[in-house]
Amino acid sequence: MAEAAGALHKTPLYDLHLELGGKMVPFAGYEMPVQFPPGVKKEHLHTRDRAGLFDVSHMGQLILRGDNAAAALEALVPVDIIGLPEGKQRYALFTNDQGGVLDDLMVTNQGDCLYLVVNAACKAQDIAHLEANLPGGIALERLDDRALVALQGPAAGEVMARLAPETAGMVFMDARRVTIDGADCFVSRSGYTGEDGFEISIPADRAEDLARQLLACEEVEPIGLGARDSLRLEAGLCLYGHDLDASTTPVEASLIWAISKERRADGVRPGGFPGADIVLEQVASKQVSRKRVGLLGQGRAPVREGAELFDAEGRAIGGVTSGTFGPSAEASIAMAYVSAEFAAPDTEVFAEVRGKRLPMRVCKMPFVPQRYHRG
Amino acid sequence: MSQIPSELKYASSHEWARLEEDGTVTVGITDHAQEALGDVVFVELPQEGDTLAAGDEAGVVESVKAASDIYAPVAGTVVAVNARLEDEPEVVNADPYNDGWFYKLQPEDAGELDKLLGASDYEQHCADED
């Protein structure tokens, strides 16, 4: 490990994780629970069946404030921020001049400001990027004094309504400021599992109280990073640094849906974000040399990140960026980049695992149905 | 605390070996190993007829978290494999010393079993590794 143990950050829920038997590992500069005593598979299945509580306080929480903050952020993302209604959240991507993805993030219009959640590993770089590119008059605030927890699963709505009745009317991607037990919380109906659920930003000194209240509900169990990863992979959601990086454009990453129509060549505010010429040309032509796809193993062997992919004639055609045995999919599942001619659903490819070529089939994602609460 | 049956022999790489009455040696992974791996989702077994030297790779066990090689504790020829693990790998977690066995060897020299660890030495080995 390059990082000395002493250099790792702890989240406000660190002591609670230890009390709950969490197995702590270094992740993006933080000591985080990779699993709790039930283990990754049971935690994963519990989240799909009832509700799981995740500590995601390692992620970066930021506020952009000032007149025209939305226009300022639009200069960095291919997403409609100006038209984002108050109380709504949207997925966005920071792009670079080559059209590559610097990070993916969630943006909420809180009315008087924009609230951003960015990846832990990209936090420092994102802040530097924003500071270097935001015009004068736009203030960037780091919410380092806030924790972030996610409550995910089919019982999440019922559990949240017990603690905060006003959340009952929220639908997928709604966001509100809600007072829970006197604590000023930012609640969004969203997450990273493919299930209904919420993310709750709360002052750090109130996070443990909230987590204990949620865990006191019989539906709720604590969930570690291991299950968070298998849940998001089944849901077809990218993990930055694995399925997305600075050398990959949104079109290659099969994230065209995240490029708002307002920002496309024929939109009301076309371009105007880093790498727009490259990205919008790819959107228009649909021509990219490689694409992110889902792969379903024909056997049970997990095919993990780094596995090389071949066609039936043995030609190298790409590689796996995330892979595991999906506990709910009950199959070996993976995300991969393949040459565009192999990206069509049902194309057979072969993954090299320990010298063997295992057959896999390109398949549409998500690997399990999304169950967002759309009202 | 993981179970370490006193009648078995153990490799430091966390396989157990049991000399059967018919002279074959049954091999699996220990309770300690399955606990450390977590939920087993896939097992790759050797083929019947494979000839293995002591310490040779004999297969792979994969959990949700990671892949781990399994090794032959003694030299011999594979005479049977536990095909049930192909469809129900979770048996390795549920019953590592019985239904979760991996394969059987016809040993070249059953005396090699004496070079493996006894239960108390294996327990110490696990404690030293933690």
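Note that the structure is a prediction, hence the values are computed from the model and not measured. (Residues numbered from 1 in each chain as written. Chains lettered and ligands numbered in written order. Predicted model: local features only at pLDDT ≥ 70, side-chain atom pairs only at ≥ 80, totals over all residues. Heavy atoms only, no water.)

Draft legend 1. Focus on the pattern of salt bridges. This structure, assessed with the given rule, holds 36 salt bridges over all chains. We note a salt bridge from Arg146(A) to Asp184(A), for which the minimum N-O separation is 3.3 Å. Taken together, the residues Arg146(A) in strand β9 (residues 146-152) and Asp184(A) in strand β11 (residues 183-188) connect sequence positions 38 residues apart. Note on Asp184(A): relative accessible area 29%, which makes it partly exposed. Where Glu20(B) meets Arg18(B), a salt bridge forms, and the shortest distance between an N and an O atom there is 3.0 Å. Assessed through its relative accessible area of 21%, Glu20(B) is described here as partly exposed. (Salt bridge = Lys/Arg side-chain N within 4 Å of Asp/Glu carboxyl O. Helix = DSSP H or I, 4+ residues; strand = E, 2+ residues; numbered from the N terminus. Buried < 20%, exposed > 50% of the residue type's maximum accessible area, 1.4 Å probe, protein only.)

Draft legend 2. Just the sheet that holds strand β10 (residues 175-180) of chain A, in detail. All names here are of chain A. An order of β10-β11-β12-β9-β3-β13 is seen for the six strands of this open sheet, with the pairing classed as mixed. Two strands lie at the open edges of the sheet, namely β10 and β13 (220-222), each paired on one side alone. If you compare each strand with its neighbour and ignore which way they point, the axes differ by 25° on average. For β9 and strand β12 (residues 197-203), the ladder comprises seven bridges, and the chain directions are antiparallel. The partner of Arg146 across the bridge, within β12, is Pro203. (Pairing = 2+ DSSP bridges. Axes fitted to C-alpha atoms, helices over the stretch in contact; angles between N-to-C directions.)

Draft legend 3. Structural detail: the interface of chain B and chain A. If you look at the interface, chain B gives 15 residues, while chain A gives 14 residues. With both chains or domains summed, chain B and chain A bury close to 1300 Å², and 47% of this area falls on carbon and sulfur atoms. A salt bridge links Lys356(A) to Glu44(B); the shortest N-O distance between them is 3.2 Å. Taken together, the connections running from chain B to chain A amount to eight residue pairs in polar contact (both at pLDDT 80 or more). Listed by contribution, the elements that provide at least two residues to the side of chain B that touches chain A are β4 (40-44), β6 (57-63) and α2 (84-87) of chain B. For the side of chain B that touches chain A, a count of residues per class yields seven nonpolar, one polar and seven charged. (Contact = heavy atoms within 4.5 Å. Buried area = accessible area lost by both parts, 1.4 Å probe. Polar contact = N/O pair within 3.5 Å; in protein donor to acceptor, adjacent residues only side chain to side chain. Nonpolar A, V, L, I, M, F, W, Y, C, P; charged D, E, K, R; others polar.)

Draft legend 4. Broad picture of unusual backbone geometry. Residue and element names in this part refer to chain A. Going from Met365 to Pro366, the amide bond is cis rather than trans, its omega being 0°. Relative to the helices and strands, Pro366 resides in the segment after β19 (356-363). The phi dihedral of Asp346 is positive, around 80°, even though this residue is not glycine. One can find Asp346 in the loop between β17 (331-339) and β18 (348-353).

Draft legend 5. Representation of the UniProt feature "modified residue: N6-lipoyllysine" (unreviewed entry) in chain B within the structure. Under the UniProt annotation, "modified residue: N6-lipoyllysine" (unreviewed entry) lies at Lys65(B). If you trace the backbone, Lys65(B) turns up in the loop between β6 and β7 (67-71). Among the residues examined, Lys65(B) registers a relative accessible area of 31% and is labelled partly exposed. Lys65(B) has contacts with Lys23(A), Gln35(A), Val40(A), Arg304(A), Ala36(B), Leu37(B) and Gly38(B), leaving out every residue within four places of it along the chain. (UniProt positions renumbered as here; feature names shortened; annotations may be inferred.)

Draft legend 6. Geometry of the UniProt feature "binding site: substrate" (unreviewed entry) in chain A. Residue and element names in this part refer to chain A. The UniProt entry lists Glu199 under the feature "binding site: substrate" (unreviewed entry), expressed in the numbering used here. Mapped onto the elements, Glu199 comes out in strand β12. According to the relative accessible area criterion, Glu199 is buried, its value standing at 11%. Setting aside anything within four residues of it in sequence, one finds Glu199 in contact with Leu148, Val149, Ala150, Phe186, Val187, Ser188, Ser190, Gly191 and Tyr192.

Draft legend 7. A look at the layout of surface pockets. Space inside the second largest pocket adds up to approximately 440 Å³. For the second largest pocket, the lining is made up of 26 residues, of which Lys356(A), Phe42(B), Val43(B), Glu44(B) and Leu45(B) are closest to its centre. Only β19 of chain A together with β4 and β6 of chain B provide two or more residues apiece to the lining of the second largest pocket. (1 Å grid on protein atoms, 1.4 Å probe; cavity = no way out; pocket = protein on both sides within 12 Å on 5 of 7 lines; lining within 4 Å. Points joined across faces, edges and corners; volume = space filled by probe spheres on them.)

Draft legend 8. View of the UniProt feature "domain: Lipoyl-binding" (unreviewed entry) in chain B. Here, the residues flagged by UniProt with the feature "domain: Lipoyl-binding" (unreviewed entry) are residues 24-106 of chain B. The span residues 24-106 of chain B is 18% helical and 41% strand by assignment, and the distance between its end C-alpha atoms comes to 5 Å.

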